[in-house]
Amino acid sequence: MSNTKPIKSALISVFHKDGLEPIVKELHNNEVSIYSTGGTEKFIKELGIPVIPVEEVTSYPSILGGRVKTLHPKVFGGILNRQDHEGDIKELQEYDIPQIDLVIVDLYPFEKTVASGASEQDIIEKIDIGGISLIRAAAKNFKDTFILSSMDQYEDFLNLYKANNGATTVADRKKFAAKAFHISSHYDTAIFHYFNDEEVVYKASESTSKTLRYGENPHQKGYFFGDLDAMFDKLHGKELSYNNLLDVDAAVNLMNEFTGENPTFAILKHNNACGFAQRSTIHQAYIDALAGDPVSAFGGILISNSKIDKPTAEEIHKLFCEVVIAPSYDEDALEILKGKKNRIILIQKEVNLPEQTVRTALNGLLVQDKDNKTDLLEDLTYATNNNPSEEELEDLLFASKICKHTKSNTIVLAKNKQLCASGTGQTSRVDALRQAIEKANSFGFDLQGAVMASDAFFPFPDCVEIADKAGIKSVIQPGGSIKDQLSIDYCNENNLSMVMTGIRHFKH
């Protein structure tokens, strides 16, 4: 039997009618018999094109308020029969079942209905039964039947249908069958997640994807699965790379800690903040963030929690940076920033981020709840005789937020709501502290009166002793070590203040 076969009959039953008209007209021009139901049947009739109601084939009306329309052997027999199978052909003739070569069907908008906040009854009614069954049947029988399962496929189908003079190849039918099974599996995954509140299982399906130039390195392939357009308006620049996306993700999560606060600016490199400051103006916040590490800032990711104005843009433009992110830009600021052809300029939209993090591990996946706990004033336990001043408390919480979003082991040093330095990704907390102190000193920071934040407890008093000798006067840490008292005793003996949060913030 030839791999190429003409389309002589089609079943069309869709929820969305957009883009359907050109296909219906082209089928009609090729003398294709069209079967349909309900609103789609009415739509085709209004085009002046003959259409056969499915009820005439099945001898059954649409019943149960439209819940059952196409679920009938005469419909599914026409779709699932094997045209090279003698027994199937005889049964089609015996039971007067019409052959169906093309199925055009889509699904009720279940996800959109859930997202709209509709009632449970409305959501349940948007669980498609007939549509999903037709999609699976036609896709299964791709050797003989062509399935169009989304209006997004109409243009591609119409092009190949015309190019092949009203016929399709088995390769095309198989390709569109794969698309159909993708749609059906995604749909079922969404329904499962709506119902499930007990089973500990991992099911994920993302319909939107983007092929990246490469992965972390040029010899690795890379892809992004998700809807970046829902997250950002891209105003200028080249395409985001794999590494850009990792840094942008880190930047967004960090800056979310400062939503609604005074103008705040961050500069990130390799997922860690190398510059960070909060000031009365975004211009000064950027100047002081850059001062934190002007060397690492080269090629970095910049993010602001406030509109970027012209003075800030003029300063940013002096720096080579990969990406700039802000909630908005003044027009004259935008024109300045667009002065670098490849600089990526993004407007961040308000969108809900995932509540879980997922990563591969060994031959499986590690899934955990996202660390959404922000250390607040009311969470603090005052561990030492000397309590922090009001200004120190503000700096401690400021440093703690940055620390939470820095690779472990980490120590963050801050003063007057400016990141002085951080030690990142070290194998010991002492090394992280020494790295931070050396870096702060190299950029001319005076650590007298600065504060220190740690992502985990101090097993020994060595860190507070080193910090004290560097000029740090107040410390925030989770606590929880069996030797906490040793660090507390050192602080009391040397007039340091220490608060404990009770919450560890490892980040690996």
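One can find the structure itself at the top, above this paragraph.
Below: a short report on this structure. (Residues numbered from 1 in each chain as written. Predicted model: local features only at pLDDT ≥ 70, side-chain atom pairs only at ≥ 80, totals over all residues. Heavy atoms only, no water.)

## Some remarks on the pattern of salt bridges
For side chains bearing opposite charge, pairing can occur when the charged atoms are close.
Inference 1: By the definition in use, this model includes 20 salt bridges.
Inference 2: Residue Lys 238 is joined to Glu 322 by a salt bridge in which the shortest nitrogen-to-oxygen separation is 3.3 Å. Remark: Glu 322 occurs in strand 14 (residues 321-326) and Lys 238 occurs in the loop between strand 10 (232-236) and helix 12 (242-255); sequence separation between them is 84 residues.
Inference 3: On the basis of relative accessibility, which here comes to 18%, the residue Glu 322 falls in the buried class. (Salt bridge = Lys/Arg side-chain N within 4 Å of Asp/Glu carboxyl O. Helix = DSSP H or I, 4+ residues; strand = E, 2+ residues; numbered from the N terminus. Buried < 20%, exposed > 50% of the residue type's maximum accessible area, 1.4 Å probe, protein only.)

## Section: unusual backbone geometry
Inference 1: Here the amide bond leading from Ser 408 into Asn 409 is cis, since omega sits at -15 degrees, within 30 degrees of zero.
Inference 2: Inspection of the secondary structure puts Asn 409 in the loop between helix 16 (390-404) and strand 19 (411-414).
Inference 3: A positive phi angle, near 55 degrees, is found at Lys 417, a position not held by glycine.
Inference 4: Along the chain, Lys 417 falls in the loop between strand 19 and strand 20 (419-423).

## As for the environment of Lys 473
Inference 1: Considering the arrangement of structural elements, one finds Lys 473 in the loop between helix 18 (462-470) and strand 22 (474-477).
Inference 2: What makes Lys 473 partly exposed here is its relative accessible area of 32%.
Inference 3: Along the chain, Lys 473 and Cys 491 lie 18 residues apart, while their C-alpha atoms are 9.0 Å from each other.
Inference 4: In this structure Lys 473 touches Glu 392, Gln 448, Gly 449, Ala 450, Asp 468, Leu 496 and Ser 497, once residues within four positions along its chain are discounted. (Contact = heavy atoms within 4.5 Å.)

## What about the sheet that holds strand 19?
Inference 1: Across the sheet, six strands lie side by side as 18-23-22-21-19-20; this open sheet has mixed pairing. At either margin of the open sheet sits one strand with a lone partner, and together these are strand 18 (381-382) and strand 20.
Inference 2: When strand 19 meets strand 21 (residues 451-454), the two strands line up antiparallel, connected through four bridges. Of the residues in strand 21, the one forming a bridge with Ala 414 is Val 451.
Inference 3: Its contacts with the sheet place helix 19 (residues 484-493) against strand 22 and strand 23 (497-500), and it is angled at close to 150 degrees to strand 23. (Pairing = 2+ DSSP bridges. Axes fitted to C-alpha atoms, helices over the stretch in contact; angles between N-to-C directions.)

## As for helix 2 (residues 38-46)
Inference 1: Along helix 2, the residues classified as buried are Thr 40, Glu 41, Phe 43 and Ile 44. Take helix 2 and look down its axis: the buried residues cluster within an arc of 160 degrees, on one side only. Counted as exposed and oriented over 90 degrees from the buried face of helix 2: Lys 42 and Glu 46.
Inference 2: Looking at the packing, one finds that the buried side of helix 2 touches strand 2 (9-13), helix 1 (21-29), strand 3 (33-36), strand 4 (52-53) and helix 3 (54-58). (Arc of directions from axis to C-beta.)

## Points about the packing of aromatic side chains
The geometry of two aromatic rings is summed up by the distance between their centres and the angle between their planes.
Inference 1: Taken as a whole and judged by the stated rule, the model has 13 aromatic pairs.
Inference 2: Plain terms: the ring middles of Phe 258 and Phe 276 are 4.8 Å apart, the flat faces sit at 50 degrees to each other, and that makes the pair tilted. In this pair, Phe 258 is assigned in the loop between helix 12 and strand 11 (264-269) and Phe 276 in strand 12 (residues 272-278), connecting sequence segments 18 residues apart. Across the pair, exposure class does not vary: Phe 258 and Phe 276 are buried alike.
Inference 3: Relative to Phe 398, the ring of Phe 276 has its centre 5.5 Å away and its plane inclined at 65 degrees; by these criteria the two rings are edge-to-face. A residue pair is termed long-range when its members are at least 10 positions apart, and Phe 276 in strand 12 and Phe 398 in helix 16 qualify at 122 residues.
Inference 4: Look at Phe 276 and you get buried, because its relative accessible area is 0%.
Inference 5: For Phe 398, a relative accessible area of 3% gives the class buried.
Inference 6: Taken together through their ring pairs, the aromatic side chains of Phe 110, Tyr 187, Tyr 194 and Phe 195 make up a single cluster.
Inference 7: The cationic tip of Lys 179 hangs over the ring face of Phe 176; the distance from NZ or CZ to the ring centre is 5.8 Å.
Inference 8: Residue placement shows Lys 401 over the ring face of Phe 258; its charged tip is 4.7 Å from the ring centre. (Phe/Tyr/Trp six-rings, centres within 6.5 Å; stacked < 30°, edge-to-face > 60°. Lys NZ or Arg CZ within 6 Å of the ring centre and 35° of its normal.)

## Here's the deal with the packing of helix 4 (residues 73-80) against helix 8 (residues 130-140)
Inference 1: Relative orientation of the contacting elements helix 4 and helix 8 amounts to 30 degrees, with a least axis distance of 8 Å. By the angle between their axes, helix 4 is roughly parallel relative to helix 8. Taking contact as the criterion, the partners of Val 75, Phe 76, Ile 79 and Leu 80 in helix 4 are, on helix 8, Ser 133, Leu 134, Ala 137, Ala 138 and Lys 140.
Inference 2: For the contact of helix 4 with helix 8, the residue count by class is seven nonpolar, one polar and one charged. (Parallel < 35°, antiparallel > 145°, perpendicular 65-115°, else oblique. Nonpolar A, V, L, I, M, F, W, Y, C, P; charged D, E, K, R; others polar.)

No statement about biological role is implied by the geometric values presented.
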